[in-house]
Amino acid sequence: MSWWDEAALDRARWGTLVAAALDRVVAALDRGRFPHAILMVGPPGLGRELLAVETAVLMTCDGAAKPWSSSGCADRVRRGLHPDVVGVFPQGPAQLIKIAQVREVVDSAAGRPFEGQSRVWIFDGAEAGRFGAEAANAFLKTLEEPPAHVRFLLLAANPSAVLATVRSRCQTLTLPGPVAVAHALGDEIRPELMAAAGSGSDSDINELAGQVEATLNAAFAGEVQDLLRLSLAAADEIPTFEVIAAVAVEMAGQEQDPDRAAELVRLAADLLATDRRARGLNLNPSRQLVSCLMRWQRELDVSA
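How each quantity is defined
- Residues numbered from 1 in each chain as written.
- Predicted model: local features only at pLDDT ≥ 70, side-chain atom pairs only at ≥ 80, totals over all residues.
- Heavy atoms only, no water.
- Pairing = 2+ DSSP bridges.
- Helix = DSSP H or I, 4+ residues; strand = E, 2+ residues; numbered from the N terminus.
- Axes fitted to C-alpha atoms, helices over the stretch in contact; angles between N-to-C directions.
- Contact = heavy atoms within 4.5 Å.
- Expected span 1.5 Å × (residues − 1).
- Polar contact = N/O pair within 3.5 Å; in protein donor to acceptor, adjacent residues only side chain to side chain.
- Core = buried A, V, L, I, M, F, W, Y, C linked by side-chain atoms within 4.5 Å.
- Buried < 20%, exposed > 50% of the residue type's maximum accessible area, 1.4 Å probe, protein only.
- Salt bridge = Lys/Arg side-chain N within 4 Å of Asp/Glu carboxyl O.
- Right-handed = clockwise from strand over helix to strand, strands pointing away.

Engineer: So, the sheet that holds strand β2 (residues 85–88): which residues are in play, and what are the values?
Structural biologist: Spatial ordering of the open sheet is given by β2-β3-β4-β1-β5, a layout of 5 strands whose pairing is parallel. The open sheet is flanked by β2 and β5 (171–174), the only strands paired with a single partner. For this sheet, the mean inter-axis angle between neighbouring strands, taken without regard to orientation, is 20°. In the sheet, strand β3 (residues 119–124) pairs with strand β4 (residues 150–156) via 6 bridges, with the strands oriented parallel. Paired with F123 across the bridge in β4 is L154. Helix α4 (residues 99–109) contacts β2, β3 and β4 of the sheet and is inclined by roughly 165° relative to β3.

Engineer: Help me get a handle on helix α12 (residues 258–281), residues and values and all.
Structural biologist: An ideal rise of 1.5 Å per residue puts 34 Å on 24 residues; α12 measures up with 34 Å between its terminal C-alpha atoms. Near the N-terminus of α12, the side chain that reaches the backbone nitrogen of D259, with its oxygen 2.9 Å away, is that of D257. N282 sits one or two positions beyond α12 and adopts a positive phi of about 55°.

Engineer: Talk me through the nonpolar core; I want residue IDs and the actual numbers.
Structural biologist: Generally speaking, soluble globular proteins have nonpolar side chains that are buried together. Counting 75 residues, the largest nonpolar core has I122, L185 and L216 as its most contacted members. The element best represented in this core is helix α11 (residues 240–254), accounting for 10 residues. Not counting the four nearest positions on each side in its chain, L185 is found in contact with R13, W14, V249, V265, A268, A269 and L272. With 24 residues, the next largest nonpolar core counts F139, L140, L143 and A156 among its residues.

Engineer: Residue-level account of the pattern of salt bridges, with values.
Structural biologist: The final tally for this structure, using the stated rule, is 15 salt bridges. For E242, the salt bridge identified is with R190, shortest N-O distance 2.5 Å. In this pair, E242 is assigned in helix α11 and R190 in the loop between α7 (178–186) and α8 (191–198), connecting sequence segments 52 residues apart. We classify E242 as buried; its relative accessible area is 12%. Linked by salt bridges that have partners in common, D10, R13, E188 and R276 make up one network.

Engineer: Lay out the side chain of E54 with the relevant residues and their values.
Structural biologist: Looking at where E54 falls in the secondary structure, it is placed in helix α2 (residues 48–60). Beyond its immediate chain neighbours, meaning those up to four positions away, E54 contacts L22, W68 and R78.

Engineer: Which residues make up the pairing of β4, and what values do they have?
Structural biologist: Most of β4 sits out of view: 7 of its 7 residues are buried. Burial along β4 is two-sided: the face carrying V150, F152, L154 and A156 and the face carrying R151, L153 and L155 are both buried. Relative to β4, strand β1 (residues 37–41) runs parallel, the two being bridged by 5 bridges. Its bridge partner lying in β4, I38 is registered against L153. Viewed along the sheet, the connection from β3 through helix α5 (residues 133–144) into β4 turns out right-handed.

Spatial relationships are all this shows, so hold off on functional conclusions.
Now the structure itself:
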């Protein structure tokens, strides 16, 4: 299996946001009271994947007594190469966890760990829209009473969207929400740009910020053309990636819909990561910006 992209597992970005949850994991392990199944709740791509992988390190690797332990075992878990840590990802056009995948987990769970302390399965997307009743029903008995060496980590953005039969068999570990993540991302953006995102002055940056806000709102309604124009809208001296990210963070902090807030934060995170990569590799910034915005729009379409 392979894990998520590097941005989702970026410790420098998400480490502080998952630190409290990891401390709870360590405390439970120290007391010998770590549950057999945890529902990890948080927006996708904003730290929950990092939490799942680092939890798997703690449960699998000898000597991993505290977060961020370094060893050959830990490195293999983080790279998705450890035989005792398995990811279960939605498949096909409908992006569903299928009953065949669940049956494979159930059949494998009785087997002892190959080399680690535990066997860990990470389910990426436990909501009913991805983990339907048929697959869930095939999983319930094993989820409720797994062998002592087995642990399940189920990821979800919205616990109320998880089937009650699944949710009741897990303990819940909740990460910071989109607004908290937005504040953390705001630290990566220059203060004057964050101020510009919410101000009403007539500077070039504020003019662009207003255009960005209108364009992102339109994107939620399926409008694509204005996203394409954003890369051409700013003068060369304006840090377009940062401005768009600042506006997205500001909008996320004010957004009442948690799903939209999470999408705006995800866009800001991707923009900042893409900007760093483009500068580090001397890539064409306009092309990278278009690619970033279009990827975000496509994923909005999929989630819709």
